[in-house]
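Breakdown of the fold
Each chain, letter by letter, is given below.
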Amino acid sequence: MTQTAPHRRARAEIDLGALRANVRTLRARVAPHVQMMAVVKADAYGHGAVRCARAALDAGATWLGTATPHEALALRAAGLREARIMCWLWTPGDPWAEGIEAGLDMSVSGTWALREVTEAAQAVGRPARVQLKADTGLGRNGCQPADWPELVTEALKAEAQGLVRVTGLWSHFACADEPGHPSIPAQLDVFRTMLDHAEKAGVRPEVRHIANSPATLTLPEAHFDLVRPGIAMYGVSPDPAVGTSAELGLRPVMSLKASVALVKRVPGGHGVSYGHHYVTPGETTLGLIPLGYADGVPRHASGRGPVLVGDRVRTVAGRVAMDQFVVDLDGDLPEAGTEAVLFGPGDRGEPTAQDWAVAADTIAYEIVTRIGARVPRVYVGE
Ligand SMILES: *Cc1c(COP(=O)(O)O)cnc(C)c1O
């Protein structure tokens, strides 16, 4: 088998030039003193964490953000030594000591985490960089306003003992992708109050931050010292309500392509794929696309997902199976090996990840993030 063989079946082309341009576009939306944290969790939303992190840093990001500590440690291990790296989803027993040694900024949402991180700092003999997370209304991770004074007091005590340095105060929005939602100003009010409390108590954070992609794009008053865009960096709009990629000046980074594996003539009345949920309306031609739900093509888009083959967009005929699905080519006879484009930037007539999100009743974040490990990432635009 040659090295390129797996790319012939299918590939996710990752346009790093587009990613760098998106980072610059986002940078231009924020004041010069505002830093940018490139969010590269979940393997950079399926685009490849290390390559995307390097491209984002080249284009002006100075921080990297991940969910888990393991994702953050993997970036350091891959040689990303200069950038600040923050991770925010900690579970009891996670590798705090390794995080201190790797110089990570570690989010703390409650007293159990502060206990574990100070114990680790004692063991390592070095202070931990800690960022206190406020739940300003998302109701997910973060410290409730009622518990904030205790967390701040404990963190300042640990700082006085030389065990932690509180480098940041931060939070996350619930509905920033719904411009005008009343929870947005409400969360900003709570955030300002919690910042004020912490700073009056003596916390001196390097950075205060709350803005994800939609807030970076639409809410300058939420930029504070740093913004944390994820999806917009990958050129995908957080929500059609915020604008299309093109309207936002962003270019989708991932294109999902496959080679048509088989083209054949079939008679009318022929069932197609498991369950025979599609039956050919007349004599036609079918194309076999060698990608399935194991590759992240949502089974929920059965009968609906769009695919460009030749110069026409076709629709998934019947069920998406684990490894493959079929499109009705309506009598056309492209050769086996012809390129099929499931999604891309959209400017050559191909569908977009947003189109697949609509077909699968989900969001474009889920479409790109779930493209499976069996699909090779091919980097272009270095
Ligand atoms: C995922 C995530 C982001 C980035 O969100 P986007 O909507 O993709 O910009 C920012 N901050 C936190 C805490 C996150 O979990």
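Before reading on, note that the structure itself is shown above.
Described below are features of the structure shown in this document. (Residues numbered from 1 in each chain as written. Predicted model: local features only at pLDDT ≥ 70, side-chain atom pairs only at ≥ 80, totals over all residues. Heavy atoms only, no water.)

Some words on the site of the ligand
The environment of the ligand is formed by 14 residues, the closest being Lys-41, Tyr-45, Ser-213, Ile-231 and Tyr-365. Here Arg-228 contributes a side-chain N or O atom positioned 2.9 Å from a nitrogen atom of the ligand. Within the backbone of Ile-231, a nitrogen or oxygen atom sits 2.8 Å from an oxygen atom of the ligand. Relative to its free-state accessible area of 380 Å², the ligand is covered by the protein chains to the extent of 93%. Of all the elements in the fold, those that place two or more residues in the shell around the ligand are α3 (41-45) and α10 (213-218). Residue composition of the shell around the ligand, grouped by class: eight nonpolar, four polar and two charged. (Near = heavy atom within 4 Å. Polar contact = N/O pair within 3.5 Å; in protein donor to acceptor, adjacent residues only side chain to side chain. Areas by Shrake-Rupley, 256 points an atom, 1.4 Å probe, with all protein chains shown as cover. Helix = DSSP H or I, 4+ residues; strand = E, 2+ residues; numbered from the N terminus. Nonpolar A, V, L, I, M, F, W, Y, C, P; charged D, E, K, R; others polar.)

Notes on the sheet that holds strand β18 (residues 339-343)
One open sheet holds the nine strands; their spatial order is β11-β14-β17-β16-β15-β18-β10-β1-β19, and the pairing between them is mixed. Both edges of this open sheet fall to β11 (262-266) and β19 (377-380), since each of them pairs with a single strand only. Neighbouring strand axes in the sheet, compared pairwise and without regard to direction, differ in orientation by 35° on average. Across four bridges, the pairing between strand β10 (residues 254-259) and β18 is antiparallel. Each residue of the ladder has a partner; that of Ala-258, found in β18, is Ala-340. Packed on one face of the sheet, helix α2 (residues 16-29) meets β1 (10-15) and β19 and runs near 35° to β1. (Pairing = 2+ DSSP bridges. Axes fitted to C-alpha atoms, helices over the stretch in contact; angles between N-to-C directions. Contact = heavy atoms within 4.5 Å.)

Digging into the sheet that holds strand β4 (residues 84-87)
Ordered in space as β8-β7-β6-β5-β4-β3-β2-β9, the eight strands form an open sheet in which the pairing is parallel. If you trace the sheet from one side to the other, it starts and ends with β8 (207-209) and β9 (226-227), each paired once. Across three bridges, the pairing between strand β7 (residues 164-170) and β8 is parallel. Of the residues in β8, the one forming a bridge with Leu-169 is Arg-208. Relative to β7, helix α8 (residues 148-160) is tilted by about 150°, and along the sheet it contacts β5 (105-108), β6 (128-133) and β7.

A short note on the environment of Glu-350
Along the chain, Glu-350 falls in the loop between β18 and α12 (353-359). When its relative accessible area of 5% is taken as the criterion, Glu-350 is described as buried. Considered as a pair, Glu-350 and Leu-308 are 42 residues apart in the sequence and their alpha carbons are 5.4 Å apart. Discounting chain neighbours no more than four positions away, the residues touching Glu-350 are Leu-308, Val-341, Phe-343, Gly-344 and Pro-345. At 2.7 Å, the side chain of Glu-350 forms a polar contact with the backbone nitrogen of Gly-346. Among the polar contacts listed, one links the side chain of Glu-350 to the backbone nitrogen of Arg-348, at a separation of 2.9 Å. (Buried < 20%, exposed > 50% of the residue type's maximum accessible area, 1.4 Å probe, protein only.)

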